[in-house]
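Reading the structure
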Amino acid sequence: MTNTVSQEQEALLRRYRESHLGVFGLPGLVLTHGDGARVWDSDGNCYLDLLGGIAVNALGHGHPDLVAAISEQAAQLVHVSNFFTTPAQIEAAESLLRVADAPEGSGVFFANSGSEAVEAAIKLSRRTGRSGLVAVGGGFHGRTVGALSLTHKEAYRAPFEPLLPEVTHVPAGDVEALRAAVDEGTAMVLLEPIQGEAGIVPTPPGYLAAAREITREAGALLVLDEIQTGIGRTGAWFAHQHEGVVPDAITVAKGLGGGVPIGALVTFGEELTGLLTAGQHGTTFGGNPLACSAALTVLATIERDGLVEHAAVAGLELARGVTDLAHPLVAGVRGAGLLRAVVLARPIAREVAVVARREGYILNPVAPDTLRLAPPLTITTEQLAGFVGALPGILEQAAQEQP
């Protein structure tokens with residue numbers, strides 16, 4: 001059944017426009033509640049959420065373990081400031097270090113978002129005594145000034161220049177360009193194992209290993225942005241683990257809190273952990289017991305329920321299902337685990353997303369010819385198969401409606 005938007009929902013959207021800064025444009029829907037991989041709007045229409053809050057809702061919506069953990073923690077302590085700590089903060093850090101395979105002496109700095117985790121990484125790199133930063137074309141690392149300086153897209157950067165100095169962007173996947181850009185003045189190389197906002201574009205095989213070699217030879221830090229690719233999303237706890245590369249640090253957020261805002265910088269090894277000392281960085285809300293309780297529950301539930309392995313299997317079935325359609329409007333599928341892009345043969349991604357929403361599916365047109373899928377890790381293979389079955393009709397209707 002095709003979903004429609006009522007006058008009541010349109011009125012709510014007008015109120016949104018009249019009360020918010022316009023940085024997000026006008027939202028497509030007013031959502032009221034969810035259950036697992038499904039969400040409902042204010043008109044009662046149901047949607048299969050194939051975006052998961054942009055890889056955030058790792059356990060889906062309304063997961064009973066996460067609801068219980070947040071409720072219990074809220075009744076005890078929500079915030080205490082970082083003059084103190086809590087069991088939730090300690091245990092969440094220990095769990096994060098364990099799933100990251102971080103060696104002894106590693107450490108966690110909890111923040112509130114991915115952008116803040118990147119800002120912490122920039123400050124960490126400055127403690128090397130160097131100031132040069134190298135990032136990769138197509139990379140997206142956030143909207144705060146430091147993170148934006150490392151983000152590549154000109155449309156995001158230009159209105160806010162001048163940004164941080166001494167930032168070099170090199171072409172994605174080009175090992176020799178990276179080698180030429182990294183020297184004795186380079187503090188940090190920051191890159192995504194799979195570029196999310198660029199359209200779910202994996203780094204070429206061997207690129208991460210080459211980046212590790214190049215940075216080690218130059219004495220620079222290799223920091224991997226695992227904000228979108230982490231927390232089981234790609235069929236490993238973190239995408240770099242697929243290649244066995246050990247970075248100097250990673251940035252984490254999105255799925256870590258299952259929807260509760262939390263980010264983290266994870267440093268690998270005692271030498272890196274010791275670079276930032278008392279008073280050199282901080283945050284008011286970072287590491288608060290509510291967010292850390294959520295993170296601890298997300299990590300424990302993913303591990304208990306085998307959701308890392310499920311992401312690998314379900315993602316492979318999804319990719320095969322779409323490929324096997326052999327539809328003329330599908331040019332291919334890329335990505336890993338449950339972070340996937342359906343690449344279209346024509347630039348109709350926006351039209352496809354609009355039609356899909358009418359048919360009860362939430363997709364993200366991340367590029368003119370690319371649909372991003374990052375559903376909850378709890379999504380079932382049957383739900384994914386239902387989407388694959390509906391996709392040909394959605395594509396054909398979108399092609400007809402393209403201006």
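Residues numbered from 1 in each chain as written. Predicted model: local features only at pLDDT ≥ 70, side-chain atom pairs only at ≥ 80, totals over all residues. Heavy atoms only, no water.

**Comments concerning the sheet that holds strand β1 (residues 31-35)**
Read from one edge to the other, the open sheet built from four strands follows the order β1-β2-β3-β15, with strand pairing classed as mixed. The two strands at the open ends of the sheet, each matched to only one other strand, are β1 and β15 (361-362). (Pairing = 2+ DSSP bridges. Helix = DSSP H or I, 4+ residues; strand = E, 2+ residues; numbered from the N terminus.)

**With respect to unusual backbone geometry**
Omega for the bond connecting Glu161 with Pro162 falls within 30 degrees of zero, at 5 degrees, which places this linkage in the cis form. Along the chain, the position of Pro162 falls in the loop between α7 (154-157) and β6 (167-170). Of note, the phi angle at Asp101 is positive, near 55 degrees, even though the residue is not glycine. Its location among the elements puts Asp101 in the loop between α4 (87-99) and β4 (107-111). Asp101 sits in the exposed class, given a relative accessible area of 58%. Of note in the backbone geometry, Lys254 takes a positive phi value of approximately 40 degrees without being a glycine. For Lys254, a relative accessible area of 24% gives the class partly exposed. (Buried < 20%, exposed > 50% of the residue type's maximum accessible area, 1.4 Å probe, protein only.)

**Description of the nonpolar core**
Membership of the largest hydrophobic core comes to 82 residues, with the highest contact counts inside it found for Leu256, Ile302 and Phe387. Not counting the four nearest positions on each side in its chain, Ile302 is found in contact with Ala58, Leu59, Ile231, Trp237, Leu307, Val308 and Leu377. Ala121, Leu124, Leu133 and Leu272 belong to the second largest nonpolar core, which has 19 residues in total. (Core = buried A, V, L, I, M, F, W, Y, C linked by side-chain atoms within 4.5 Å. Contact = heavy atoms within 4.5 Å.)

**Regarding the packing of helix α12 (residues 307-324) against helix α14 (residues 381-401)**
Where α12 contacts α14, the two axes come as close as 10 Å, and the packing angle between them is 15 degrees. Our classification of the angle between α12 and α14 gives roughly parallel. Here α12 and α14 pass one another in a crossing that is right-handed. Across the interface between the two elements, His310, Ala314, Glu317, Leu318, Gly321 and Val322 of α12 pack against Thr381, Leu384, Phe387, Val388 and Leu391 of α14. (Axes fitted to C-alpha atoms, helices over the stretch in contact; angles between N-to-C directions. Parallel < 35°, antiparallel > 145°, perpendicular 65-115°, else oblique. Left-handed = near helix turned anticlockwise from the far one by under 90°.)

**A closer look at the pairing of strand β12 (residues 263-267)**
Summarising burial for β12: five of the five residues are buried, a large majority. The side-chain alternation of β12 yields two buried faces, one formed by Gly263, Leu265 and Thr267 and the other by Ala264 and Val266. Relative to β12, β4 runs antiparallel, the two being bridged by five bridges. Residue pairing in the sheet places Val108 in a bridge with Val266 of β12.

**Regarding helix α1 (residues 7-19)**
Here α1 contains 13 residues, and its C-alpha end-to-end distance of 18 Å stays within 8% of the 18 Å for a straight helix at 1.5 Å per residue. Of the residues making up α1, those classed as buried are Gln9, Leu13 and Tyr16. An end-on view of α1 places all buried positions within 50 degrees of arc, on one side of the element. Away from its buried face by more than 90 degrees, α1 exposes Gln7, Glu8, Arg15, Glu18 and Ser19. (Expected span 1.5 Å × (residues − 1). Arc of directions from axis to C-beta.)

**A word on the packing of aromatic side chains**
Inspection of the entire model under this criterion finds two aromatic pairs. Their ring planes at 75 degrees and their centres at 5.8 Å tell us that Phe140 and Tyr156 sit as a pair that is edge-to-face. Of this pair, Phe140 sits in the loop between β5 (132-136) and α6 (145-150) while Tyr156 is found in helix α7, placing the two residues 16 residues apart along the sequence. Under the relative-accessibility criterion, Tyr156 is labelled partly exposed at 21%. (Phe/Tyr/Trp six-rings, centres within 6.5 Å; stacked < 30°, edge-to-face > 60°.)

**Points about the sheet that holds β4**
Read from one edge to the other, the open sheet built from seven strands follows the order β4-β12-β11-β10-β7-β5-β6, with strand pairing classed as mixed. Among the strands making up the open sheet, the edge pair consists of β4 and β6. Direction aside, neighbouring strands of the sheet carry axes that sit 20 degrees apart on average. Two strands pair when backbone bridges link them, and strand β7 (residues 186-191) and strand β10 (residues 221-225) are joined in this way by four bridges, in the parallel orientation.

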